[in-house]
Amino acid sequence: MSWVAWRQQRLLLLSVLGVVVVAAGVMTYFRLDANAYLATNCGGQADCSGPAMDGFRDRYSGYTMFLRLAMLALPALVGMFAGGPLFARDFEQRTHVLSLTQSVGRTRWWATKLLVGGVPVVVMMLALGLVAIWAAEPMNVIQGVRLRTPSFETQGLVIGAYTLFGLTVGASAGLLFRSTLAAMALSVVLYVVALVAVGAQREHYLPPETVTTAVIPQGTTPYGPGSSGRASSDENIPEDSWRLAENYFDQHGNQVTMPMRCLFGEVVAADCPQLTGPITEVTSYHPGIRFWAFQSIESGIFAVLGAVVLALGWWRLRRRVL
Amino acid sequence: MSTTIALAAAELGKRYKRGWALRGCGFELPAGRVAALVGPNGAGKSTLMALATGLLTPTTGTIRIFGDQPVRSGTHPKLGFLAQDKPLFRRFTVAETLHAGRALNPTWDQAYAERLIAEAGVPTQARINTLSGGQRTRVALAVALGRRPELLMLDEPLADLDPVARDEVMQTLMAEVAETGMTVLLSSHVLAELDGVCDHLLVLAGGGVRLSGDVDDLLAEHQLLIGPSEDSAGLFPTGSVVESRSTGRQATVLVRGAAPVDRPGWVAHEPTLEELVKAYLRSAGKAKAVAEAVSA
């Protein structure tokens, strides 16, 4: 059975390999190119200020934008093309009748096709995601915080997990609807829905770190005209952190709301909390070092979703094949 | 001496969402027979075969292949099946198709399958989607026979073939039957193709078995009588008339098991296979029409 599955998926697997190799090659080229630029113009530093860094941004911002688009689209496309036709094409060409009237049971047929047609694809995309992390290192200055959209979704373990999800949706939809087109369409739609829905929950994966970033003295506005600016403690937050929110507390430790006009007004308005006493600003954030933890959690979520979708397809197959 | 039963059904029924495709089906097909499975479209022929392969599970009753019920881990090793549309992997070459047969079956006779391909004159490096309908059927037949089945089921194997290809496929099939002694269940609606080939008959209509048995026995049991139409009513014992038709002044009556009618103006003779089957199918069709009219 595994030979038949390989022969059926051969063209697709080789195509995915080709795409992954080309993409990894392009990324490697740009990493080398960026490092060479920094060595020449920045004395080898990852971040230098001035015209050299402006030149760096000009040179690579187009590439990083294109790369993000490509890496967002690639798991959807690969999952769709690898998963959609996996079973649906068999049903459309009725070759499932040929396979299942030999000495192969339906569960083995299903499992073998998934393993042979799915696992290499996911592994290749996972590898591409890891290459993307490595290749993006010099460009992180441009890319921004790695924990945030779209940097987070366009590199790392999640590339493999997204592909896995799209593939399982395509495969199971193929078992349900027996149409390649429907399976591929559903694969893309559910990929986008899941990406948005799961992404919205990302900040809750771990409880955020908090740090006091400012104290607003009684009766002052920190950013208003003529004010001296707040006593900033931003250096307490690492630069690669994902800042979530600023929260304000009065001297008794109760959280208060801080309207914009109280921060930026010319004079302190009548309803501003700092009229009653000094207000402490506490910033919550996820430190950049959590990148791998967040990648693992998000990948785990997509793997579980994929397993649920697979179970649904298997249940369908147990009930009906013809 | 007890004969081996290749395929047996008892109270077999299959219900789809739209209704019953087969209901209360019972028959036995002894080993070594070449059986014709005939019936109009929608009679349940394909459903019956799918139940035997295990692609479908019965709603009621059982179907047994050499005494065994179908299991989930693949089709019974003694059963070979050629589906109506002869599904093959379109992008595979003929050689790869045989390789697939070998990969999917522990009991695979590669030399035999290769011989069948060679006899068919199909180039082994040709892709399936470049083959003609006749060639494709020969390849599908080689895959079905490569498992070395003792019971071969073919669903409308000749339906989409030209007359020359039909003869070739039928000749190949009969040659292999003669050589191996395997049992064959062949469905078709072209009765002329089956006459002289089949020695067993299974008539399916409206989801049930109408007639089943040895062809010679069945033909001998029936009489086709032709006589004046005004005289036909009440002439035959009730229950013995399979079908009675009148065209103008002449009546044609198919009778099962009745003593010869000896009346002036009536001629009796043994029906042909085609006459026999058509009479049963027509009477089943009328019964269905009456039932629908009553329920409507």
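Residues numbered from 1 in each chain as written. Chains lettered and ligands numbered in written order. Predicted model: local features only at pLDDT ≥ 70, side-chain atom pairs only at ≥ 80, totals over all residues.

Tallying secondary structure elements over chain B gives eight helices and 13 strands in all. For chain B, the C-alpha radius of gyration of 21 Å lies close to 19 Å, the compact-globule estimate for 296 residues. Sequence-distant contacts in chain B: of pairs separated by 6 or more residues, those separated by 24 or more amount to 69%. (Helix = DSSP H or I, 4+ residues; strand = E, 2+ residues; numbered from the N terminus. Rg over C-alpha atoms; globule rule 2.2 N^0.38 Å. Contact = placed C-beta atoms within 7 Å.)

This part covers the domain arrangement of chain B. Residue and element names in this part refer to chain B. The domain boundaries assigned to chain B delineate domain 1 (5-206) and domain 2 (217-295). The C-alpha-based centres of domain 1 and domain 2 are spaced at 33 Å. Taken together, the contact pairs 10 residues of domain 1 with eight residues of domain 2. Contributing elements (two or more residues each) for the side of domain 1 that touches domain 2: α6 (191-194) and β8 (200-205). No other element matches β8, which puts three residues into the side of domain 1 that touches domain 2. Tallied by class, the residues present in the side of domain 1 that touches domain 2 amount to seven nonpolar, two polar and one charged. (Domains from an automatic or database assignment. Nonpolar A, V, L, I, M, F, W, Y, C, P; charged D, E, K, R; others polar.)

Right, let's talk about the sheet that holds strand β2 (residues 242-249) of chain A for a bit. All names here are of chain A. Pairing is antiparallel across the open sheet formed by four strands, whose spatial order is β1-β4-β2-β3. Strands with a single pairing partner mark the edges of an open sheet, and in this sheet they are β1 (209-216) and β3 (255-256). Pairing between β2 and strand β4 (residues 279-286): seven bridges, direction antiparallel. Bridged to Y248 within β4 is E281. (Pairing = 2+ DSSP bridges.)

This part is about the pairing of strand β5 (residues 79-82) of chain B. Residues and elements named next belong to chain B. With burial as the criterion, each face of β5 is covered, one bearing L79 and F81 and the other bearing G80 and L82. In this sheet, strand β6 (residues 151-155) lies alongside β5 in parallel orientation, the contact comprising four bridges. In the strand pairing of β6, F81 is matched with M153. (Buried ≥ 20, exposed ≤ 12 C-beta atoms within 10 Å, placed from the backbone.)

This brings us to the interface of chain A and chain B. Contacts between the two partners involve 20 residues from chain A, matched on the other side by 24 residues from chain B. Residue contributions to the side of chain A that touches chain B peak at five residues, all from helix α3 (residues 95-100) of chain A. Looking at the side of chain A that touches chain B residue by residue, the classes come out as nine nonpolar, eight polar and three charged.

This part covers the domain arrangement of chain A. All names here are of chain A. Along its sequence, chain A is carved into domain 1 (2-204 + 292-319) and domain 2 (209-290). For domain 1 versus domain 2, the separation of C-alpha centres amounts to 41 Å. Of the residues lining the interface, seven residues belong to domain 1; the matching set on domain 2 comes to seven residues. Among the residues making up the side of domain 1 that touches domain 2, the classes are represented as four nonpolar, no polar and three charged.

Here we come to the UniProt feature "transmembrane region" (unreviewed entry) in chain A. All names here are of chain A. Here, the residues flagged by UniProt with the feature "transmembrane region" (unreviewed entry) are residues 12-30, 65-88, 109-136, 156-176, 181-200 and 292-315. Annotated as residues 109-136, this span is 100% helix and 0% strand, and its ends, taken at the C-alpha atoms, are 40 Å apart. Segment residues 292-315 splits into 100% helix and 0% strand. End C-alpha atoms: 34 Å apart. (UniProt positions renumbered as here; feature names shortened; annotations may be inferred.)

All names here are of chain B. Here four strands make up an open sheet; going across it, the order is β11-β12-β10-β13 and the pairing antiparallel. Because the sheet does not close on itself, it has two edges, and the strands there are β11 (241-247) and β13 (267-269). In this sheet, adjacent strand axes meet at a mean angle of 15° when their direction is disregarded. (Axes fitted to C-alpha atoms, helices over the stretch in contact; angles between N-to-C directions.)

It is worth spelling out the environment of L14 of chain A at this point. Examined against the element boundaries, L14 of chain A turns out to sit in helix α1 (residues 2-41). C-alpha separation for the pair L14 of chain A and V121 of chain A, spaced 107 residues apart in sequence, amounts to 9.6 Å.

For the bond from T149 of chain A to P150 of chain A, the omega torsion is 0°, close enough to zero to count as cis. Residue position: P150 of chain A is located in the loop between α5 (140-143) and α6 (157-177). Of note in the backbone geometry, R94 of chain A takes a positive phi value of approximately 60° without being a glycine. Residue R94 of chain A is classed as partly exposed on the basis of its 15 C-beta neighbours within 10 Å. With phi around 45°, F66 of chain B is a residue other than glycine that occupies positive phi space.

A few words now on the packing of helix α2 (residues 94-104) of chain B against helix α4 (residues 133-146) of chain B. Residues and elements named next belong to chain B. At a minimum axis distance of 10 Å, the contact between α2 and α4 shows a crossing angle of 25°. Between α2 and α4, the angle falls in the class roughly parallel. Classified by chirality, the crossing of α4 by α2 is right-handed. Counting all contacts with α2, which are made through V94, T97, L98 and G101, the residues of α4 involved are V139, V143 and G146. (Parallel < 35°, antiparallel > 145°, perpendicular 65-115°, else oblique. Left-handed = near helix turned anticlockwise from the far one by under 90°.)

Within the secondary structure, T257 of chain A sits in the loop between β3 and α8 (260-264). C-alpha of T257 of chain A to C-alpha of R10 of chain A: the two residues are 247 residues apart in sequence and 60 Å apart in space.

Residues and elements named next belong to chain B. With 14 residues, α4 extends 20 Å between its outermost C-alpha atoms, agreeing within 8% with the 20 Å of an ideal straight helix rising 1.5 Å per residue. Most of α4 is tucked away: 12 of the 14 residues are buried. Looking at α4, one finds that the buried residues are Q135, R136, T137, R138, V139, A140, L141, A142, V143, A144, L145 and G146. Of the surrounding elements, those touching the buried residues of α4 are β5, α2, α3 (110-120), β6 and α5 (163-180). Where α4 ends, the next residue or the one after it, R148, has phi of about 60°, a positive value. (Expected span 1.5 Å × (residues − 1).)

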